[in-house]
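# A structural walkthrough
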Amino acid sequence: TMDNDLNHTDYTFGFDTAAGVALDAADRLLDTARSHRRILVLEVMGRHAGWVALHVGIAAGADWITLPEIPLDTQAMLSALRRKRERGKTWGLVVASEGTELPALDTDDVQLDAFGHASLSKRAVGEYLATEIEQSLGVETRSVTLGHVQRGGTPSLFDRVLGSRVGIKAADLVKEGDWGKMAAIQGTEVVGVDLELAAGTLKTVPVKFWEEAVSLINK
Ligand code: F6P
């Protein structure tokens, strides 16, 4: 999965490729942000885990990142954007995870997909944040929701190697009759982990990773 939200594996194949597509989009959006002195909000996928938004935000040098795991502090985001403008930075980029909790947005009639998951793309998190930013800062702000573009394309080198290595492990587990396992990568080691452990609970972004990102962006 591109969400990287399985436990007991450091990465899931698809994540690096999807994050790479989103980073390319972020880099391209920064050109317009700079040329038009705007703030751009890029909404990325990831469902209820913020791994894509966290990595893309750090890599793109975003001015703010919103994650499903961290309650949105709109004032802190606006203050950071305002502070940077006061220092002369005439453009800005916010990377928003589609699963960011926005109480104002979440109503009872959230649409469910065929698997019973909340369909997050309809929540328009990026649009909501762009409106908040433009109204509060008086700066032209646009939002882009990347959507399913993130899920396709040529796999990155990392994902090609990871996919090959976990594929070998999966075949070995079958040969050994070691059923009920997922091939996982831990550090550089490829191991078999119980499916229940891997998929029983979501691997979400720990607060310490958010704090690390904030130390970079909230200056
Ligand atoms: O779980 C992978 C994923 O791409 C999520 O990041 C995204 O929210 C969801 O699937 C989209 O699902 P669908 O294709 O059903 O709209």
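Please refer to the structure higher up on the page.
Residues numbered from 1 in each chain as written. Predicted model: local features only at pLDDT ≥ 70, side-chain atom pairs only at ≥ 80, totals over all residues. Heavy atoms only, no water.

### Thoughts on the site of the ligand
- Close to the ligand lie Met2, Asp3, Met45, Gly46, Arg47, Glu98, His148 and Arg151, which account for all nearby residues.
- Glu98 is positioned such that a nitrogen or oxygen atom in its side chain is 2.5 Å from an oxygen atom of the ligand.
- Interatomic distance of 2.8 Å between a side-chain N/O atom of His148 and an oxygen atom of the ligand.
- A breakdown of the residues in the shell around the ligand according to their chemical character gives two nonpolar, two polar and four charged. (Near = heavy atom within 4 Å. Polar contact = N/O pair within 3.5 Å; in protein donor to acceptor, adjacent residues only side chain to side chain. Nonpolar A, V, L, I, M, F, W, Y, C, P; charged D, E, K, R; others polar.)

### Concerning helix 5 (residues 157-175)
- Given a rise of 1.5 Å per residue, 19 residues ought to cover 27 Å, and the 27 Å separating the end C-alpha atoms of helix 5 matches this to within 8%.
- Taken as a whole, helix 5 has its buried residues at Asp159, Leu162, Val166 and Leu173. The buried residues of helix 5 occupy an angular sector of 65° when projected down its axis, which confines them to one face. Opposite its buried face, helix 5 presents the exposed residues Leu157, Ile168 and Lys175, each directed more than 90 degrees away.
- Turning to helix 5, the residues buried within the fold contact helix 1 (15-36), strand 5 (181-186) and strand 6 (189-194).
- Among the residues trailing helix 5, Gly177 stands out with phi positive, at a value near 65°. (Helix = DSSP H or I, 4+ residues; strand = E, 2+ residues; numbered from the N terminus. Expected span 1.5 Å × (residues − 1). Buried < 20%, exposed > 50% of the residue type's maximum accessible area, 1.4 Å probe, protein only. Arc of directions from axis to C-beta. Contact = heavy atoms within 4.5 Å.)

### A closer look at the sheet that holds strand 1 (residues 39-44)
- Pairing within the open sheet is parallel, and its four strands lie in the order 2-3-1-4. Of all strands in the sheet, those bounded by a partner on one side alone are strand 2 (64-66) and strand 4 (141-145). Here the strands of the sheet are splayed against their neighbours by 15° on average, with no regard to which way each runs.
- One ladder, built from six bridges, connects strand 1 with strand 3 (residues 92-97); its direction is parallel. Paired with Val44 across the two strands is Ser97, which belongs to strand 3.
- Sitting on the sheet, helix 1 is in contact with strand 1, strand 3 and strand 4, with an inclination near 165° to strand 1. (Pairing = 2+ DSSP bridges. Axes fitted to C-alpha atoms, helices over the stretch in contact; angles between N-to-C directions.)

### Structural notes on the pattern of salt bridges
- Tallied over the full model, the rule gives eight salt bridges.
- The salt bridge involving Lys84 is made with Asp63; its shortest N-O contact spans 3.1 Å. One end of the pair, Lys84, is in helix 3 (residues 74-86); the other, Asp63, is in the loop between helix 2 (51-60) and strand 2, with 21 residues separating them in the sequence. Note on accessibility: Lys84 and Asp63 belong to one class, buried.
- Of the charged contacts, one joins Asp63 and Lys89 as a salt bridge, the two residues approaching to 2.5 Å between their closest N and O atoms. You can see Asp63 sitting in the loop between helix 2 and strand 2 and its partner Lys89 sitting in the loop between helix 3 and strand 3, a full 26 residues away along the chain.
- Assessed through its relative accessible area of 2%, Asp63 is described here as buried.
- Residue Lys89 is classed as partly exposed on the basis of its relative accessible area, which comes to 22%.
- Overlapping salt bridges, with partners in common, bring together Arg38, Glu140 and Arg142 in one network. (Salt bridge = Lys/Arg side-chain N within 4 Å of Asp/Glu carboxyl O.)

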